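# Examining the three-dimensional arrangement
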Amino acid sequence: MRLSIFLLFSSLIFGGYYCYENKFRFSGTVYCKSEHRWCVRIRVIEVDTLIDDSIASTDFCSDETTKTYDIAGTDENDGILDRNFEIQMIVTHNCSRNTDTVFKTPIKRIPLPKQPTEHATIRQHLNLNMNSSQ
Ligand SMILES: *[C@@H]1O[C@H](CO)[C@@H](O)[C@H](O)[C@H]1NC(C)=O
């Protein structure tokens, strides 16, 4: 306990040492079979901080069955409070209903790197009819 408080303070004081930027990129396809125009919002968050960090987001509408997305974002890590990025997508859409439906993708854990890093693109297919990622 005492040690972790010490580490927390030293990370605040020597913040420059521990805080560094991580670049993320997310891309994939969104599938929605619908007779109507549909809209989707994809928000990527880092879940294991005190307040969920928003890393990237996009929203668009389409008349087509398949659309691609490609979004980029950055997240800082303090390198001390946790060992992994825990990344999750929150998908809000009106594909098969006229009210919004929300679902979350499974959490993806990415080990924290030791220096600023540009992470490999995370690919995720989203099937709005199934309300899931596959
Ligand atoms: C989804 O929302 C958009 C924008 O509000 C609307 O134009 C569209 O008709 C909606 N689609 C369905 C299936 O309700």
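Residues numbered from 1 in each chain as written. Predicted model: local features only at pLDDT ≥ 70, side-chain atom pairs only at ≥ 80, totals over all residues.

### Describing the overall build of the chain
Using the following cut-off: Under the scheme used here, helices are H or I runs from DSSP no shorter than 4 residues and strands are E runs no shorter than 2 residues, and both carry numbers assigned from the N terminus. Think of it as a crowd count around each C-beta: if 20 or more other C-beta atoms lie within 10 Å the residue is buried, if 12 or fewer it is exposed, and in between it is partly exposed, with C-beta placed from the backbone throughout. Think of it this way: build a C-beta for each residue from its backbone, and any pair within 7 Å is a contact.
Looking only at helices and strands, one finds two helices and 11 strands in the chain. Starting at the N terminus and ending at the C terminus, the chain contains elements arranged as α-α-β-β-β-β-β-β-β-β-β-β-β. A total of 134 residues make up the chain; the buried ones form 16% of that total. A sequence separation of at least 24 residues applies to 66% of the contacts in the chain between residues at least 6 apart.

### Overview of the nonpolar core
Selection rule: The term nonpolar core means buried Ala, Val, Leu, Ile, Met, Phe, Trp, Tyr and Cys residues held together as one set by C-beta atoms within 7 Å.
By size, the foremost hydrophobic cluster in this structure holds 17 residues, and its most contacted members are Val 30, Cys 32, Val 40, Ile 42, Val 44, Val 91 and Leu 128. Among the secondary structure elements, those contributing two or more residues to this core are strand E1 (20–31), strand E2 (38–46) and strand E5 (84–93). In terms of residues, this core owes the most to one element, E2, which gives five residues. Other than its neighbours up to four places away in sequence, Cys 32 contacts Trp 38, Thr 65, Cys 95, Leu 128 and Asn 129.

### Structural notes on the site of the ligand
Formally: Only the C-beta atom matters for this test: placed from the backbone, it must lie within 6 Å of a molecule or strand for the residue to be near it. In this count, Pro and Cys sit with the nonpolar residues alongside Ala, Val, Leu, Ile, Met, Phe, Trp and Tyr, while Asp, Glu, Lys and Arg are called charged and the others, Gly among them, polar.
Around the ligand sit Ser 34, His 36, Arg 37, Trp 38, Cys 39, Cys 61, Asn 94 and Asn 98, and that is every residue in its neighbourhood. Looking at side-chain class alone, the shell around the ligand contains three nonpolar, four polar and one charged residues.

### Re the environment of Ile 110
Topologically, Ile 110 is positioned in strand E7 (residues 108–111). What makes Ile 110 partly exposed here is the crowd of 16 C-beta atoms within 10 Å. Spatially, the C-alpha atom of Ile 110 lies 5.3 Å from that of Asn 84, the residues being 26 residues apart in sequence. Apart from residues lying up to four places away in sequence, Ile 110 is in contact with Asn 84, Phe 85, Ile 87 and His 119.

### With respect to the environment of Leu 112
Mapped onto the fold, Leu 112 is located in the loop between E7 and strand E8 (117–118). Of the residues examined, Leu 112 has 16 C-beta atoms within 10 Å and is grouped as partly exposed. Counting along the chain gives 29 residues from Leu 112 to Arg 83, while the straight-line C-alpha distance between them is 5.8 Å.

### Let's talk about the environment of Thr 29
Along the chain, Thr 29 turns up in strand E1. Counting along the chain gives 37 residues from Thr 29 to Thr 66, while the straight-line C-alpha distance between them is 6.5 Å. Excluding its chain neighbours within four sequence positions, the residues that come into contact with Thr 29 are Thr 66, Lys 67, Thr 68 and His 125.

### Comments concerning unusual backbone geometry
Its identity as a non-glycine residue notwithstanding, Asn 131 has a phi of 55°, on the positive side. Residue position: Asn 131 is located in the loop between strand E10 (126–127) and strand E11 (132–133).

### Things to note about the confidence of the model for the chain
Filter applied, for reference: On a range of 0 to 100, pLDDT expresses the predictor's confidence in each residue.
With 81% of its residues at a pLDDT of at least 70, the chain reaches an overall mean of 85. At the level of individual helices and strands, the chain shows its lowest average pLDDT in helix H2 (residues 15–18), which scores 52, and its highest in E10, which scores 97.

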